[in-house]
Amino acid sequence: MAELDEFRAQTRQWLKANAPEAITGLALTEGGGNWGGRRATFEPPEMKPWLERMAERGWTAPTWPREYGGGGLSAAEAKVLQQELARLRLPLPLTGFGLTMIGPTLLHFGNEEQKREHIPKICRGEIRWCQGYSEPNAGSDLASLQTRADRDGDDFVINGSKVWTSYADLSDWIFALVRSDPKAKKQEGITFLLIDMDSPGVSVSPIGLISGKSPFCETRFDDVRVPVRNAVGAIHGGWTVAKALLGFERNMIAEVFGGQARGGGQGRGSVLAELAREYLGDAGGALGDPVLRDEIARCELDERAFHLTVQRARDAAKAGHQPGPESSLFKVYATELNKRRTELMVRIAGPHGLGWQGAGFADDEIGRTRGWLRARGNSIEGGTSEIQLNIIAKRVLGLPD
Amino acid sequence: MQLVLTEDQELLAKTAADFAAEHSPVSRVRALRDADDADGFSRKLWRQMAELGWVGIPFPEEFGGADMGLSGLSVVLEALGRTLAPEPFLSTVLLGGQALLLGGSEGQKSEWLPKLVEGERLLTLAYQERRSRYDLRCVATRAERDGSGWRLRGEKIQVLDGTCADGIVVVARTSGEERAADGITLFALRRDAPGLRLERQHRVDSRNTALVFLDGVAVGAEDVVGAEGRGGDLLERVVDRATVGICAEMLGSMSEAFERTLGYLKQREQFGVPIGSFQALKHRAAQQFIEIELCRSAVMAAARAVDDGVEDAARLVSLAKARCSDAAILVADESIQMHGGIGMTDEHEIGFYLKRARVAELTFGDAAYHRDRWARLGGY
């Protein structure tokens, strides 16, 4: 404990000395923050020295090994760092799929050469990564993917296209699943491949959503040559790597939605009830519309019960128990709940919840309406709710195929 | 608040599960029902439970209790809920017992609680009336002034284990109109009090409940539990504790009903395959699993919140009851449906779970009542 206290004191001191004033209290919106990469823009400009100083200490990836540019901190120390950042109201210096998805995957499955080449660049925010999994004809049935990888000497030649490649237009490298053996059973002919987006034959076009502009893109590969040594894990053995990465992705999604869960969701005023007061008026007592009031209560109850379940899983882990079955429900429950919540907010606003843009609608009204539309995708991306229920039925409940 | 069982609680859970499996299979509930047993439970088993220390779990050591709170008791009630054990925890330990513990005079506590903890005395609480539904402050039973005491007149319904209780805490009105918030007073009566009459009621779960008729029962100042005219708050605290208890029981019952159904889905074959391989059933099973997991978190949080006396304990109790009420009915209905024809027969045990789930759902307020309370306590 004393060591941890000392670490906390040193951390606080260092952060105070090194964090630029301009970034203090910077609230990071969704998709905001610094994603790094060759085309990184720093807003405000002080984010750049902040990133460089933190990366130098390895604190962009606090728990990763020092030899690859990480901080080498224990989980307890990393938590202290997180707490001190929050206390001083400092934004994270770096975010993105390098840190959350491909980094952990490479540390686990990559060979030494791959780790040495890619991990330090992720830690320093030099390279921005995107994910090439889904295809126009491979969604929930991901293993049926058809992007071809034909062997030609020391290269694969890639042809095909990937959809839902978030931020592909801003990314430098893509980690992709490709079919390297079309004759094998569908899970057994897949290779997990790292591809430089600057390679000739890679093209990217944005995808508009029902909610408007989106970070999603379609990425095409036309005779793109990729060295065979860029395969992660065994050639044709990419499915194992792919599944592990999906696990990291689900953790990330659950973390995002469970973000409000800290402390079991206690102490927050009722955002929904406040909103309802604004639109329905308030006679000083119960909300005027008993049906909406009941739906608000139901939504809050479900939210609190979910947050308590996240807390229960954390408490069990802290007490040294094996992860229980409860964590399997996080993704499906959190996303379905977010859909209901965003929909309820639009219905509370009534006709004011119908604005797409422009006159007569407040910015936050349009924001909530776009948010409602965007949330429809929560239960599709990262494994649909139906796939999540399949997983629970099979792995947790042991129901037969 | 830590949402994880302590070592003591883990041990208690194991002991209770073993006990329920050995001494209290569901066939016992059927036998009690078929014999139209006057008590509706086994006094022998109740004494054994007292010897194991379970009856005294939420009472302080000075009365012979274990002082392990509702978090401790919940673990036992969950295990007993799995086999629908009808022993009088709700009536004696939670309603009558907690009313005396929280509001009773030193004399009342020392008269009742040590014997209660030993399993030698049964208590209950008569609060529900024909018009009250779930409103605890809707009390038509009157305590009319008579010299230095009162005379009680009125009728109470569905008093749990009423016909075998040695003492009944009665909720009556010493002042105010039927739905006034103030003016409610609790009185402790002995079962042989002149003017007190009991009649057994038969509900779908076949547990012991009774109509209580009060025809001028004489009570004095020494019989008042808590403060005269301010019993409403006490009653709410007592019922909150009992609500946590019934939620723990519901958690056990719904878990068991779900696991039995899951077993059936794996074993029952139609069209040459186990019916559990059909996605239409798989997804519904997965949804029930999720609901039960959320109930577990809510019940653990509510028990700990009441034990710790945290500020929003009442809201957490309503959270637990709202979710358990909805989940218990979902699981029970789905259990019957997934069992198919056999699930409709009296011969099969799954129907007992539906009947108890319905009673538990509508005891101490249904889901809609508790959502309303959640909103009210949240200021909207």
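Residues numbered from 1 in each chain as written. Chains lettered and ligands numbered in written order. Predicted model: local features only at pLDDT ≥ 70, side-chain atom pairs only at ≥ 80, totals over all residues. Heavy atoms only, no water.

1. What about the pattern of salt bridges?
Close approach of charged atoms allows side chains of opposite charge to pair.
Thinking step 1. With the rule as written, the count across this model stands at 70 salt bridges over all chains.
Thinking step 2. A salt bridge links A:Arg116 to A:Glu112; the shortest N-O distance between them is 3.2 Å. In this pair, A:Arg116 and A:Glu112 are both assigned in helix 5 (residues 112–123), four residues apart and thus about one turn of the helix distant.
Thinking step 3. For the salt bridge of B:Glu291 with B:Arg323, the shortest nitrogen-to-oxygen distance reads 2.8 Å. Highlighted residues: B:Glu291 in helix 8 (residues 279–308) and B:Arg323 in helix 9 (residues 313–339), separated in sequence by 32 residues. In this pair, the class of B:Glu291 matches that of B:Arg323, namely buried.
Thinking step 4. Bridged by salt links that share partners, the residues B:Arg82, B:Glu256, B:Glu259, B:Arg260 and B:Glu349 form one connected network. (Salt bridge = Lys/Arg side-chain N within 4 Å of Asp/Glu carboxyl O. Helix = DSSP H or I, 4+ residues; strand = E, 2+ residues; numbered from the N terminus. Buried < 20%, exposed > 50% of the residue type's maximum accessible area, 1.4 Å probe, protein only.)

2. Considering the domain arrangement of chain B
Residue and element names in this part refer to chain B.
Thinking step 1. What the domain assignment lists for chain B is domain 1 (7–122), domain 2 (124–229) and domain 3 (233–377).
Thinking step 2. Using C-alpha coordinates to define each centre, domain 1 is positioned 23 Å away from domain 2.
Thinking step 3. Between domain 1 and domain 2, the residue contacts involve 26 residues of the former and 22 residues of the latter.
Thinking step 4. Contact between domain 1 and domain 2 buries roughly 1800 Å² in total, counting both sides, with carbon and sulfur atoms accounting for 54%.
Thinking step 5. When the buried area of domain 1 at its contact with domain 2 is split by residue, Leu95, Gln108 and Leu122 rank highest and sum to 26% of it.
Thinking step 6. Between the two partners, domain 1 and domain 2, sit one salt bridge.
Thinking step 7. Ionic pairing is found between Glu111 and Arg190, a salt bridge with its closest N-O pair at 2.9 Å. (Domains from an automatic or database assignment. Contact = heavy atoms within 4.5 Å. Buried area = accessible area lost by both parts, 1.4 Å probe.)

3. Comments concerning helix 9 (residues 330–349) of chain A
Thinking step 1. Taking 1.5 Å of rise per residue, 20 residues should cover 28 Å, and helix 9 of chain A covers 29 Å from first to last C-alpha, within 8% of that figure.
Thinking step 2. Of all the 20 residues making up helix 9 of chain A, 16 are buried; the element is thus mostly covered by neighbouring parts of the structure. (Expected span 1.5 Å × (residues − 1).)

4. Some points on the domain arrangement of chain A
Residues and elements named next belong to chain A.
Thinking step 1. Domain annotation of chain A identifies domain 1 (2–95), domain 2 (129–238) and domain 3 (258–396).
Thinking step 2. On a C-alpha basis, the centres of domain 1 and domain 2 stand 32 Å from each other.
Thinking step 3. At the junction of the two partners, domain 1 supplies five residues and domain 2 supplies eight residues.
Thinking step 4. Here domain 1 meets domain 2 over a buried area of about 530 Å², counting both sides, of which 33% is carbon and sulfur.
Thinking step 5. Along the contact surface separating domain 1 from domain 2 lie three salt bridges.

5. Quick word on the side chain of A:Thr105
Residue and element names in this part refer to chain A.
Thinking step 1. Inspection of the secondary structure puts Thr105 in helix 4 (residues 97–109).
Thinking step 2. Given the relative accessible area of 0%, Thr105 is considered buried.
Thinking step 3. At 2.7 Å, the side chain of Thr105 forms a polar contact with the backbone oxygen of Met101.
Thinking step 4. Aside from chain neighbours lying at most four places away, what touches Thr105 is Gly110, Phe192, Val241, Leu245 and Phe248. (Polar contact = N/O pair within 3.5 Å; in protein donor to acceptor, adjacent residues only side chain to side chain.)

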